[in-house]
Each structure stands twice: as structure tokens, then as C-alpha cells.
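Each chain, written out:
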Amino acid sequence: MRMRRYSVRGLLLAALVFLMGLGHCAAAEDMQFVDADGDTGYYVDTLSIVRVSEAERDAVVAVVKAAENRRYLYRMRFDRTQSTYRIFSTQVEIYDTKEVLRTVPGTDIPQPYTASSPMRSIVDFIEEFLTAKKQTAK
């Protein structure tokens, strides 16, 4: 029973840190490259990854559009068993200066992704990252 309490406390602390850090998206970040499509790059902030449930993960995802000099920061939830994602909020920045141009609320409606989608690459990256982190913690 004590171990379970520790896990719940740890999960709550992680969720609190995640929510506090994502409120303004300007907090410390550790963006890791995941995929690219032409001049668009996809990154995951490994400091923001939270295991919400067995199937769901929250993370901040950055989409960098080099030709537009823009970075889009998405606060997202992925459900790997349903192959869906939800965007909680979006922050649009000038890439070079990180100046925030606008913040847009997300939607509660999950969107599907396909096996060839960059979202699938992001989900795979998150799972590999969590597995590696768990193995190094042992």
C-alpha cells in the first residue's frame, strides 16, 4: 500500500509540474528531434512528458517551420491505443527570437493519426524515451 501512495504522489507531482510549466510554455525545455517533413521539424520536450495512464501521455510538441521562421508549441495528449491526439493549447512564436505571437486554446475532440503521420513518430519517441528512462532508473 505504501508503494502505491508513493506512485500516486509522484504522479500528482509530475502532473503539477507539467501543468505549471506548460501554463506559459517558456519554461526550461529539452527539445529532442523526432521527425521531419521537408522544412518542417517535429520535436518533443522530454521535460514535459507525463504518463497519464497506461495508454495516455501528455507532452509539449514543437513544430518548427523553417521557411516561415515559426515555432508552434502544442500542449498535447496522445492515446496510443486509440491512435488519437488532443491539443490543449497552441503557442505560435517567431522561431529566431521565441517572441510569442499568439496563444490559441485547444479542443476537447480527439483527432486520429495514421501509422505514417508525424504524430505516430512522436508517440513512438515518447514510448522509447519512457522505456529508456525506466531502464536507467533501475
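Structure first, text after, so check above.
Residues numbered from 1 in each chain as written. Predicted model: local features only at pLDDT ≥ 70, side-chain atom pairs only at ≥ 80, totals over all residues. Heavy atoms only, no water.

### Regarding the pattern of salt bridges
Just so we agree on the cut-off: Salt-bridge detection follows one rule: a side-chain nitrogen of Lys or Arg within 4 Å of a carboxyl oxygen of Asp or Glu. Here a helix means four or more residues in a row that DSSP labels H or I, a strand means two or more in a row labelled E, and each is numbered from the N terminus. Burial here depends on accessible area, computed with a 1.4 Å probe over protein chains only, as a share of the maximum for the residue type. Under 20% is buried, over 50% is exposed, and the range in between is partly exposed.
In the structure shown here, the tally under the stated rule is seven salt bridges. Its salt-bridge partner being Glu127, residue Arg80 comes within 3.6 Å of it at the nearest N-O pair. With Arg80 in the loop between strand 4 (70-79) and strand 5 (84-94) and Glu127 in helix 2 (residues 118-137), this residue pair connects regions lying 47 residues apart in the sequence. Overall, the relative accessible area of 33% leaves Arg80 in the partly exposed class.

### Considerations on helix 2
Short version of the rule: Expected helix span is taken as 1.5 Å per residue step, with the number of steps being one fewer than the number of residues. It only takes one pair of heavy atoms within 4.5 Å for two residues to be counted as in contact. Definition of a polar contact: a pair of N or O atoms within 3.5 Å, with one able to donate and the other able to accept a hydrogen when the atoms are protein atoms, and with sequence-neighbouring residues admitted only if both atoms are side-chain atoms.
For helix 2, which comprises 20 residues, the first-to-last C-alpha distance of 28 Å matches the rise-based estimate of 28 Å (1.5 Å per residue) to within 8%. Buried positions along helix 2 lie against strand 1 (31-37), strand 2 (40-51), strand 3 (56-65), strand 4 and strand 5. Sitting at the head of helix 2, Ser117 places a side-chain oxygen 3.0 Å from the backbone nitrogen of Met119.

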